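Fold and geometry: a report
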Amino acid sequence: MGLSAATDELSRMFPGIVQRDVPLHAVSRWRIGGSADLVVSPRSTEELARLRAWLLDHGVPSVVIGATSNLLFADEGLRAVAIKIGQNLSALEIQGNRISAAAGAWVPGLARRAMMASLTGIEHTCGIPGTLGGLVCMNGGSQRKGIGTHVRSVTSVDAAGNLVQRDQAACGFAYRTSTYQSGSEIIASVELELAESVDKNAQRREMLEIMRGRRAKFPQKLPNCGSVFVSNPAMYAQYGPPGKVIEDQGLKGHSIGGAYVAPEHANFIINDGSATAGDVLSLIALVKGTVASATGYSMAVEARYVTASGLIQEI
């Protein structure tokens, strides 16, 4: 089925959650990308499952997007259905020391809700601008911590619309990685298990300090996707974190087209307002090559490139 016919059918099946011709540069945190032909924002795990089953049955390509924190969209736009996991799928419930949250829950809000409920363990996520599903997929966090430590179980939806549930051990969590990076499943909901806080005020102060540190150290106002390169423990031990290594090569402020390495922190790439996806890809390649030549380490990239056909590629 062609995308035009699919658009009409999906609009009938899922009234109110289908958008046409969405400018990706308006929703991308990098403010880069052409228009997406179709964006569908499920409101429940059941809708997500029905949507995925229908797309597979009709041979319609799709790609999942969340807060786009780690995505670079093609300048040509997107000719596949974008499944947006966001505010429509963000319900959250706290019972005792467990939090059940849909994948679209906003991470800073989740960290704050946990603190208000006197639950501790995810303070380090309070400044990460993304959704819970994306955070779990990347086993993201800060201060060299990962959200996977506190995951009890994850429910995902496979390409055929089947629900899959895994406990923590089956999620394959390791530093900035998980099982979900290598498959086609979409995370739908997560159950977290936290500890009871002994001092909520100290917890609040810690979170405020984390936020102050991020504001002082990281670029805040210009479009970027956060940290571009993953910290390699071996490289860290020998040379330091990616930002320091990139700075040591004299690349702070270096630009290609409208993309440049942030002067505030060299592990960030900024869009000056005119950058294309090609500019960012070229700059990442330059930084990777320069660091590899100097240190022998090839830095992995946190961000992923979304092609016009909907393929998500490592950079």
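Everything that follows concerns the structure shown earlier in this document.
Residues numbered from 1 in each chain as written. Predicted model: local features only at pLDDT ≥ 70, side-chain atom pairs only at ≥ 80, totals over all residues. Heavy atoms only, no water.

Quick word on the pattern of salt bridges
Under the defined criterion, the tally for this structure stands at ten salt bridges. A salt bridge links R43 to E47; the nearest nitrogen and oxygen atoms lie 2.6 Å apart. The class for R43 is partly exposed, based on a relative accessible area of 40%. What makes E47 buried here is its relative accessible area of 13%. A salt bridge links R212 to E209; its shortest N-O distance comes to 3.0 Å. With R212 and E209 both in helix 6 (residues 200-217) and three residues apart, this pair spans about one turn of that helix. (Salt bridge = Lys/Arg side-chain N within 4 Å of Asp/Glu carboxyl O. Buried < 20%, exposed > 50% of the residue type's maximum accessible area, 1.4 Å probe, protein only. Helix = DSSP H or I, 4+ residues; strand = E, 2+ residues; numbered from the N terminus.)

Describing the packing of helix 1 (residues 3-13) against helix 3 (residues 45-57)
Between helix 1 and helix 3, the shortest axis-to-axis distance is 12 Å and the interhelical angle comes to 155°. When the axes of helix 1 and helix 3 are compared, the pair comes out roughly antiparallel. Handedness of the crossing formed by helix 1 with helix 3: right-handed. Listed contacts from helix 3 to A6, E9, L10 and M13 of helix 1 are R50, L51, W54 and L55. Residues of the contact of helix 1 with helix 3, tallied by class, amount to six nonpolar, no polar and two charged. (Axes fitted to C-alpha atoms, helices over the stretch in contact; angles between N-to-C directions. Parallel < 35°, antiparallel > 145°, perpendicular 65-115°, else oblique. Left-handed = near helix turned anticlockwise from the far one by under 90°. Contact = heavy atoms within 4.5 Å. Nonpolar A, V, L, I, M, F, W, Y, C, P; charged D, E, K, R; others polar.)

Re unusual backbone geometry
Positive phi is not limited to glycine here, since S118 has a value of about 60°. By secondary structure assignment, the location of S118 is in the loop between helix 4 (107-116) and strand 8 (119-120). Taking the relative accessible area as the measure of exposure, S118 reaches 26% and is therefore partly exposed. In this structure, R176 takes a positive phi of about 60° despite not being glycine. Along the polypeptide, R176 turns up in the loop between strand 10 (163-167) and strand 11 (186-193). Exposure remark for R176: the relative accessible area of 10% places this residue in the buried category.

A look at the sheet that holds strand 15 (residues 269-271)
Read from one edge of the open sheet, three strands run 13-14-15, paired in antiparallel fashion. Of all strands in the sheet, those with a lone pairing partner are strand 13 (255-256) and strand 15, marking the two edges. Sheet topology places strand 14 (residues 259-261) next to strand 15; three bridges connect them, and they run antiparallel. The partner of V261 across the bridge, within strand 15, is I269. Against the sheet, helix 9 (residues 277-295) makes contact with strand 13, strand 14 and strand 15, and its axis sits at roughly 30° relative to strand 14, the strand it touches most. (Pairing = 2+ DSSP bridges.)

Observations regarding the packing of aromatic side chains
Scanning the model with the defined rule gives two aromatic pairs in all. Ring plane angle 80° and centroid distance 6.2 Å describe the contact between Y239 and Y297, whose orientation is recorded as edge-to-face. Of this pair, Y239 sits in helix 7 (residues 233-239) while Y297 is found in the loop between helix 9 and strand 16 (304-306), placing the two residues 58 residues apart along the sequence. Note on Y239: relative accessible area 29%, which makes it partly exposed. Positioned above the aromatic ring of Y175, the side-chain terminus of R144 is 5.0 Å from the ring centre. When the ring centre of Y236 is taken as origin, the NZ or CZ atom of R144, which lies over that ring, is 4.6 Å away. (Phe/Tyr/Trp six-rings, centres within 6.5 Å; stacked < 30°, edge-to-face > 60°. Lys NZ or Arg CZ within 6 Å of the ring centre and 35° of its normal.)

A short note on the side chain of S197
Mapped onto the fold, S197 is located in the loop between strand 12 (195-196) and helix 6. Taking the relative accessible area as the measure of exposure, S197 reaches 19% and is therefore buried. A distance of 3.2 Å separates a polar atom in the side chain of S197 from the backbone nitrogen of D199. (Polar contact = N/O pair within 3.5 Å; in protein donor to acceptor, adjacent residues only side chain to side chain.)

Quick notes on the sheet that holds strand 3 (residues 62-65)
Read across the open sheet, the four strands follow the order 1-2-5-3; overall the sheet is mixed. Looking at strand neighbours, the two that pair on one side only are strand 1 (18-23) and strand 3, the edges of this open sheet. Sheet twist, expressed as the average angle between the axes of neighbouring strands with direction ignored, equals 35°. Sheet analysis places strand 3 next to strand 5 (residues 78-84), joined by four bridges and oriented parallel. Considered in strand 5, the bridge of I65 is made with K84. Contacting strand 2 (35-40), strand 3 and strand 5, helix 3 crosses the sheet at an angle of about 155° to strand 5.

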